[in-house]
Amino acid sequence: MPRPRVPDRRGRILSAARDLMLEKGWPATTVADIAVRAGIGKGAVYLEFPDKAAILAAVLNRSMRQLTADVHRRVREARELVDLSAVYRFGVEALLDEPVMRALYLGDTAVLGEHVGQVVDRRYVERAGWLTDYVRRLQDAGVLDPAVPGDVIVRVLSVFTLGLVHAPGVLGASDPEELTEAVRLFADVVGRGLATESRPDAEEARAAQVELLDRLDHQLALLGEP
């Protein structure tokens, strides 16, 4: 008679992997360690994931979903205009509150090992299309200067975002204060440079940001399916 499947086996594996990553670092964590922490057999881990790299990808994906949910909450609760400066501020605050994402963006090799310099995500191409829609809605809402081509704005924002991910592998690790100040300065410069004299539609700006976050969360949810 076959043994009953452990409830939420995939979730237990990911929680165990995340805990071990933060405790002793990903390089020192083995699949056997994860199995023991999750309370399952090593073979059961491989029924969910083909290898250790796939576990890491799933842990990062789940952490990104948690970060996105946090930003989503901050956007909905914000009383001020949700412009680019506010969005980047919400993002970096949520990032620093999520330990795995914080380790990725700060280049913490003690947690993630060499993975901090090997981030490749082709999904950014799809996300750039969503960002284009978002920028156009902000232009229509009077938040961003409509005279500047939307695709140019998206290119600038995308280069900065990708640069944050890859910077630790090229420039070395940073600390939370440096990351926070860099993001705030960038958002302030872009916000001032693209500001308009018209009165912005705050509700439309908020709705545009919520839609962008919903799209990202849906993509991450599909990627997290076993």
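Note that the structure is a prediction, hence the values are computed from the model and not measured. (Residues numbered from 1 in each chain as written. Predicted model: local features only at pLDDT ≥ 70, side-chain atom pairs only at ≥ 80, totals over all residues. Heavy atoms only, no water.)

### Notes on the overall build of the chain
Inference 1: In terms of helices and strands, the chain carries eleven helices and zero strands.
Inference 2: Reading the chain from its N terminus to its C terminus gives the helix and strand order α-α-α-α-α-α-α-α-α-α-α.
Inference 3: Each principal axis of the C-alpha distribution contributes one length, and for the chain these read about 70 × 40 × 30 Å.
Inference 4: A total of 226 residues make up the chain; the buried ones form 44% of that total.
Inference 5: For the chain, the share of sequence-separated contacts (at least 6 apart) that also reach a separation of at least 24 residues comes to 73%. (Helix = DSSP H or I, 4+ residues; strand = E, 2+ residues; numbered from the N terminus. Buried < 20%, exposed > 50% of the residue type's maximum accessible area, 1.4 Å probe, protein only. Contact = heavy atoms within 4.5 Å.)

### Observations concerning the nonpolar core
Inference 1: Counting 69 residues, the largest nonpolar core has Ile55 and Leu157 as its most contacted members.
Inference 2: Counting residues per element, this core draws most heavily on helix H4 (residues 52–77), at nine residues.
Inference 3: If sequence neighbours within four positions are ignored, Ile55 has contacts with Leu14, Ala17, Trp26, Ile34, Val45 and Phe49. (Core = buried A, V, L, I, M, F, W, Y, C linked by side-chain atoms within 4.5 Å.)

### Some remarks on the pattern of salt bridges
Inference 1: Following the criterion strictly, the structure yields 18 salt bridges and no others.
Inference 2: In this structure, Glu48 and Arg9 form a salt bridge, with 3.0 Å as the shortest nitrogen-oxygen distance. A residue pair is termed long-range when its members are at least 10 positions apart, and Glu48 in helix H3 (residues 42–48) and Arg9 in helix H1 (residues 9–24) qualify at 39 residues. Across the pair, exposure class does not vary: Glu48 and Arg9 are buried alike.
Inference 3: Residue Asp133 pairs with Arg215 through a salt bridge whose shortest N-O separation is 3.0 Å. Here Arg215 lies in helix H11 (residues 202–223) and Asp133 lies in helix H8 (residues 123–140), a separation of 82 residues in the sequence. (Salt bridge = Lys/Arg side-chain N within 4 Å of Asp/Glu carboxyl O.)

### What about H1?
Inference 1: The end-to-end C-alpha separation of H1 is 22 Å, in line with the 22 Å expected for 16 residues at 1.5 Å each.
Inference 2: In this fold, the buried residues of H1 make contact with helix H2 (31–38), H3, H4, helix H6 (99–106) and helix H7 (109–112).
Inference 3: Positioned one or two residues after H1, Gly25 has a phi angle of 90 degrees, which is positive. (Expected span 1.5 Å × (residues − 1).)

### Observations concerning the environment of Gln219
Inference 1: One can find Gln219 in helix H11.
Inference 2: We classify Gln219 as buried; its relative accessible area is 7%.
Inference 3: Remark: the alpha-carbon pair of Gln219 and Arg89, spanning 130 residues in sequence, is separated by 23 Å.

### Some details on the packing of aromatic side chains
Inference 1: Evaluation of the coordinates by the stated rule reveals three aromatic pairs.
Inference 2: Clustering of aromatic rings is evident, with ring pairs tying together Tyr88, Phe160 and Phe186.
Inference 3: For Lys52, the ring lying beneath its charged end belongs to Trp26, and the centroid distance is 5.0 Å. (Phe/Tyr/Trp six-rings, centres within 6.5 Å; stacked < 30°, edge-to-face > 60°. Lys NZ or Arg CZ within 6 Å of the ring centre and 35° of its normal.)

### Considering H4
Inference 1: The end-to-end C-alpha distance of H4 is 38 Å, a good match for the 38 Å that 26 residues give at a rise of 1.5 Å each.
Inference 2: Looking at where H4 begins, the residue whose side-chain oxygen comes 3.3 Å from the main-chain nitrogen of Ala53 is Asp51. (Polar contact = N/O pair within 3.5 Å; in protein donor to acceptor, adjacent residues only side chain to side chain.)

### Focus on the packing of H4 against helix H5 (residues 84–97)
Inference 1: Put simply, H4 and H5 touch, their axes get as near as 9 Å, and they point 135 degrees apart. With respect to each other, H4 and H5 are oriented oblique. Along this stretch, H4 crosses H5, giving a crossing that reads as right-handed. Counted together, Leu67, Asp70, Val71, Arg74 and Val75 of H4 and Phe90, Gly91, Glu93, Ala94, Leu95 and Asp97 of H5 form the full contact between these two elements. (Axes fitted to C-alpha atoms, helices over the stretch in contact; angles between N-to-C directions. Parallel < 35°, antiparallel > 145°, perpendicular 65-115°, else oblique. Left-handed = near helix turned anticlockwise from the far one by under 90°.)

### Quick notes on the confidence of the model for the chain
Inference 1: A residue-level look at the chain finds 91% of positions with pLDDT of 70 or above and a mean pLDDT of 87.
Inference 2: Model confidence for the chain, summarised as mean pLDDT per element, is weakest for H7 at 82 and strongest for H2 at 97. (pLDDT = per-residue confidence, 0-100.)

### Quick word on the environment of Leu216
Inference 1: Topologically, Leu216 is positioned in helix H11.
Inference 2: Considered as a pair, Leu216 and Leu164 are 52 residues apart in the sequence and their alpha carbons are 18 Å apart.
Inference 3: Not counting residues within four places of it along the chain, the set of residues in contact with Leu216 comprises Met64, Thr68, Arg127 and Trp130.

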